[in-house]
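Reading the structure
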Amino acid sequence: MNNFHVLGFAGSLRVRSYNRGLLEKASEILPEGLVLEIMELNDIPLYNDDQPKDNLPEALKEFREKITGADALLIASPEYNYSITGVLKNALDWASSNTFGNIMKGKIVAIMGASRGLFGTTRGQLHLRQVLHAIDARPLSRPEIFVRKAGDLFDDSGHLVDTATIEKIKELLTALLETLKAK
Ligand SMILES: Cc1cc2nc3c(=O)[nH]c(=O)nc-3n(C[C@H](O)[C@H](O)[C@H](O)COP(=O)(O)O)c2cc1C
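How each quantity is defined
Residues numbered from 1 in each chain as written. Predicted model: local features only at pLDDT ≥ 70, side-chain atom pairs only at ≥ 80, totals over all residues. Near = placed C-beta within 6 Å. Nonpolar A, V, L, I, M, F, W, Y, C, P; charged D, E, K, R; others polar. Core = buried A, V, L, I, M, F, W, Y, C linked by C-beta atoms within 7 Å. Buried ≥ 20, exposed ≤ 12 C-beta atoms within 10 Å, placed from the backbone. Contact = placed C-beta atoms within 7 Å. Helix = DSSP H or I, 4+ residues; strand = E, 2+ residues; numbered from the N terminus. Expected span 1.5 Å × (residues − 1). Arc of directions from axis to C-beta. Axes fitted to C-alpha atoms, helices over the stretch in contact; angles between N-to-C directions. Parallel < 35°, antiparallel > 145°, perpendicular 65-115°, else oblique. Left-handed = near helix turned anticlockwise from the far one by under 90°.

Looking at the site of the ligand
With respect to spatial proximity, 15 residues lie near the ligand, and among them Ser12, Ser17, Pro78, Ser115 and Gly117 are the closest. Of the residues in the shell around the ligand, the class split is 6 nonpolar, 6 polar and 3 charged.

Next up, the structure:
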């Protein structure tokens, strides 16, 4: 069986981002049949509808090519002010506008999120689902992963060590694999 290629990115640029930590843990516990490539969004410019289509900045071109080539996405994002981060929204806008072409249409997306607070990105993920609906993507509805009080669940070197959260990520990856197989 060929592997399904999953592209993962975090809605945070922070070096010690808990959300990138979730993606890194996912890459360590992948079920057979999935490969995960984690990409950084640091060099993606702010969305500009005037950007000439035939001269996209390299990072943006690469981002769009990687999305097009991926069988699915795995997004881990913090919640900023009860919503998704500007970094994530900006990237999704570049991937979906009519001007540059909606490459998110029909894309299967697994989502998770970690915050330092008690709500574990619940509100942010609801907004993310709304955005994914607008751009015609196909988010998995279950399992939901809301990682609360993230500061307590990572070790000093930034590795996720909480076994319950690791189990949840395994469940999400299995659900993603099953969804891809059924496609
Ligand atoms: C501008 C801003 C707004 C934030 N708003 C929220 C929020 O609404 N809810 C929440 O749980 N945490 C909020 N936080 C805290 C983040 O959850 C916390 O910084 C988290 O560690 C960010 O994720 P990261 O570690 O992946 O960068 C906010 C942080 C920033 C910088």
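Having put the structure on the table, let's press on.
Section: the nonpolar core
Residues Val6, Leu22, Leu73, Leu74, Ala91, Val109 and Leu176 are the most contacted members of the largest nonpolar core, which totals 47 residues. With residues up to four places along the chain from it excluded, the contact list for Leu22 reads Ala76, Met112, Ala114, Val147, Leu160 and Ile169.

Looking at helix α5 (residues 163-182)
The terminal C-alpha atoms of α5 lie 29 Å apart, and with 20 residues this matches the ideal 28 Å at 1.5 Å per residue to within 8%. Those residues of α5 that sit buried are Thr165, Ile169, Leu172, Leu173, Leu176 and Leu177. The arc enclosing the buried residues of α5, seen along the axis, measures out at 135 degrees, which places them on a common side. Opposite the buried face of α5, at more than 90 degrees from it, the exposed residues are Thr163, Ala164, Glu167, Glu171, Lys181 and Ala182. Tucked into the core, α5 has its buried residues touching β1 (4-10), α1 (18-28), β2 (34-39), β3 (72-76), β4 (108-114) and β6 (146-147).

Regarding helix α4 (residues 122-134)
Taking 1.5 Å per residue as the helical rise, α4 with its 13 residues ought to reach 18 Å, and the 19 Å between its terminal C-alpha atoms agrees with that figure. Of all the positions in α4, only Gly124, Gln125, Leu128 and Leu132 are classed as buried. For α4, the angular spread of buried residues about the axis comes to 95 degrees, placing them on one side. Turned more than 90 degrees away from the buried face of α4 sit Gln130, His133 and Ala134, all of them exposed. Lining the buried residues of α4 we find β4 and β5 (138-139). Looking one or two residues beyond α4, the residue adopting positive phi is Asp136, at roughly 65 degrees.

Considerations on the packing of α1 against α5
It is the contact of α1 with α5, at a shortest axis distance of 10 Å, that shows an interaxial angle of 65 degrees. Judged on the interaxial angle alone, α5 and α1 are roughly perpendicular. Classified by chirality, the crossing of α5 by α1 is right-handed. From α1, Leu22, Lys25 and Ala26 reach across to α5, where they touch Ile166, Ile169 and Leu173.

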